[in-house]
Amino acid sequence: MPPPPLLLGDDYFMRQALAEARRALAVGEIPIGAVVVLDGEIIGRGYNQTEQLRDVTAHAEMLAITAAANFLGNKYLTDCTLYVTVEPCVMCAGASAWAQLGGVVFGTAEPKTGYQRHSLGLLHPRTKVRAQVCAAECAALMQEFFRMKRG
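Below: a short report on this structure. The structure displayed is predicted, hence computed values, not measured ones. (Residues numbered from 1 in each chain as written. Predicted model: local features only at pLDDT ≥ 70, side-chain atom pairs only at ≥ 80, totals over all residues. Heavy atoms only, no water.)

## Section: the nonpolar core
Core analysis: the largest hydrophobic core is formed by 23 residues, its most contacted members being Val36, Leu77, Cys80, Leu82 and Leu101. Going through the elements one at a time, strand S1 (33-38), helix H3 (60-72), strand S3 (80-86), helix H4 (90-98) and strand S4 (103-108) are the ones with two or more residues in this core. Not counting residues up to four positions away in its chain, the partners in contact with Leu101 are Ile65, Leu77, Thr78, Cys80, Thr81, Leu82, Ser96 and Thr127. Phe13, Ala21, Cys134 and Phe145 belong to the second-largest nonpolar core, a separate cluster that totals 15 residues. (Core = buried A, V, L, I, M, F, W, Y, C linked by side-chain atoms within 4.5 Å. Buried < 20%, exposed > 50% of the residue type's maximum accessible area, 1.4 Å probe, protein only. Helix = DSSP H or I, 4+ residues; strand = E, 2+ residues; numbered from the N terminus. Contact = heavy atoms within 4.5 Å.)

Structural data, given as structure tokens:
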């Protein structure tokens, strides 16, 4: 009988999302990263690629959700959790609702464009939300990016 899977926590998966955000930063994209987790395994990854792909929908969350859906062969991700370094925007919250994600965990709040500013009802009613996971590290990465942009 194989050993039980290692139970990894929110911090571990948020650090994986942060690694994706650093990939975005390395190519000049806004440093937001995301991973989708099912039963302790990452089944989808993404980082912002809106500039590279010239696609306003190429947000980290959208790419990670698409990768996870392709992995599962199913558009519904009811048993999955999305980890994202910054609070999802309205578009990404809507995609999370349509995918029926079981959970959304984000690092730092986004007071200008985050979904909570617009409506708390954008996620699927069963989706559990946790916020402020590794928040300081997630916020610092965003601040570094905008400091670099402003020169």
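Having put the structure on the table, let's press on.
## Details of the pattern of salt bridges
Tallied over the entire structure, the rule returns five salt bridges. A salt bridge links Arg130 to Asp10; the shortest N-O distance between them is 2.8 Å. Pair noted here: Arg130 is in strand S5 (residues 128-130) and Asp10 is in helix H1 (residues 10-26), with a separation of 120 residues, a long-range link. Taking relative accessible area as the criterion, Arg130 reaches 33% and is therefore assigned partly exposed. Looking at Asp10, the relative accessible area reads 22%, which means it is partly exposed. Here Arg23 ties to Glu20 by a salt bridge, and the two come within 3.4 Å at their closest N and O atoms. Of the two residues, Arg23 and Glu20 both sit in helix H1, three residues apart, roughly one turn of that helix. Among the charged side chains, a network of salt bridges with common partners joins Arg15, Arg22 and Glu137. (Salt bridge = Lys/Arg side-chain N within 4 Å of Asp/Glu carboxyl O.)

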